[in-house]
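# Report on the structure
Now for the letters of each chain:
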Amino acid sequence: MKNEEFALIERILEGETDLYAHFVTNYNKDIFQLAFQLTKDRELAEDLTQDVFVKGFVKLKSFQQKSQFLTWLYRIAYNLIINALRKRKVIFSYFDDEIVSHEEVAEVDDFFDKQETELRYQQLDEALKMLSKDEYALILFHYYQQKTIDEIAFITAQTAANVKVKLFRIRKKLYNMMSYE
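Turning next to helix H3 (residues 42-58). Across its 17 residues, H3 extends 24 Å between first and last C-alpha, which sits within 8% of the 24 Å expected from 1.5 Å per residue. Among all positions of H3, only Leu44, Ala45, Leu48, Thr49, Val52, Phe53 and Gly56 are buried. Where H3 is buried, its residues meet helix H2 (21-39) and helix H4 (69-87). With a side-chain oxygen lying 3.1 Å from the backbone nitrogen of Glu43, the N-terminal cap of H3 falls on Asp41.

Core analysis: the largest hydrophobic core is formed by 52 residues, its most contacted members being Phe69 and Leu73. Where this core is concerned, the elements lending two or more residues are helix H1 (2-13), H2, H3, H4, helix H6 (118-129), helix H7 (133-144), helix H8 (149-156) and helix H9 (160-179). With 13 residues, H4 is the largest single contributor of residues to this core. Those residues within four positions of Leu73 in sequence are excluded, and the remaining contacts are Tyr20, Tyr27, Ile31, Val52, Phe53 and Gly56.

Right, let's get into the side chain of Thr156. In this structure, Thr156 sits in helix H8. Separated by 2.8 Å, the side chain of Thr156 and the backbone oxygen of Ile152 make a polar contact. Apart from residues lying up to four places away in sequence, Thr156 is in contact with Tyr78, Leu138, Phe141 and Val163.

On to the side chain of Glu5. Turning to its location among the elements, Glu5 is positioned in helix H1. Since its relative accessible area comes to 3%, Glu5 is described here as buried. Among all residues touching Glu5, those that are not within four sequence positions of it are Phe23, Tyr27 and Phe69.

We now examine H4. Compared with the 27 Å implied by 1.5 Å per residue over 19 residues, the 27 Å span of H4 between its first and last C-alpha is a close match. In terms of burial, H4 is largely enclosed, as 14 of its 19 residues are buried.

Before going further, it helps to examine the packing of aromatic side chains. According to the stated counting rule, one finds 11 aromatic pairs in the structure shown. The interplanar angle of 65 degrees and the centroid separation of 5.1 Å between the aromatic rings of Tyr20 and Phe57 together place this pair among those described as edge-to-face. With Tyr20 in the loop between H1 and H2 and Phe57 in helix H3, the pair connects residues that are 37 residues apart, well separated along the chain. Accessibility expressed as a relative area gives 7% for Tyr20, which makes it buried. With a centroid separation of 6.2 Å and 20 degrees between ring planes, the pair formed by Phe23 and Tyr27 is classed as stacked. Taken as a pair, Phe23 and Tyr27 lie in helix H2 at a separation of 4 residues, close to a single helical turn. Note on accessibility: Phe23 and Tyr27 belong to one class, buried.

Next up on the list: unusual backbone geometry. Note: most peptide bonds trans; most residues except glycine with negative phi. The phi dihedral of Gln146 is positive, around 55 degrees, even though this residue is not glycine. For Gln146, the position within the fold is in the loop between H7 and H8. A positive phi angle is found at Ala157, which is not glycine, with a value near 60 degrees. Assignment of secondary structure puts Ala157 in the loop between H8 and H9. Accessibility expressed as a relative area gives 49% for Ala157, which makes it partly exposed.

Quick notes on the rules
- Residues numbered from 1 in each chain as written.
- Predicted model: local features only at pLDDT ≥ 70, side-chain atom pairs only at ≥ 80, totals over all residues.
- Heavy atoms only, no water.
- Helix = DSSP H or I, 4+ residues; strand = E, 2+ residues; numbered from the N terminus.
- Expected span 1.5 Å × (residues − 1).
- Buried < 20%, exposed > 50% of the residue type's maximum accessible area, 1.4 Å probe, protein only.
- Contact = heavy atoms within 4.5 Å.
- Polar contact = N/O pair within 3.5 Å; in protein donor to acceptor, adjacent residues only side chain to side chain.
- Core = buried A, V, L, I, M, F, W, Y, C linked by side-chain atoms within 4.5 Å.
- Phe/Tyr/Trp six-rings, centres within 6.5 Å; stacked < 30°, edge-to-face > 60°.

Pasting the structure below:
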């Protein structure tokens, strides 16, 4: 599939611009879902989805074929969505790169590895709603869309180590929120 996409991109860059519709058709749902999950606003998500594909088309020459095309589109989408949310004055939290102890990792992992109950799912759902949009995006990419750490790092323009630390801290934050309920 990857090679087919690269060949299609080459043809688009050579002038067969109508072939870009293939990407819009195949990836529209993925990009819209990301936008909607982060914005919780259908109209804004639709606008952002369209903007992603327009920007993707305009920037197509800069696609370096180091990742899948969808991953590259996710990076564009992530940046557009986060910028749109910032303009709406949504507050984001940022982390520094602090070392995490093995005991902390084990404690948080044990908590989330326990058998899930309906109450735990409800607690998790409520805790997820309290995350900032950038935190929620990392959880969404990693746990729901099964993106690798390297893919998330590419999408969010961070280092893989930073993504790992942030994912741990978000899990710890969720653990703390759920433990006190």
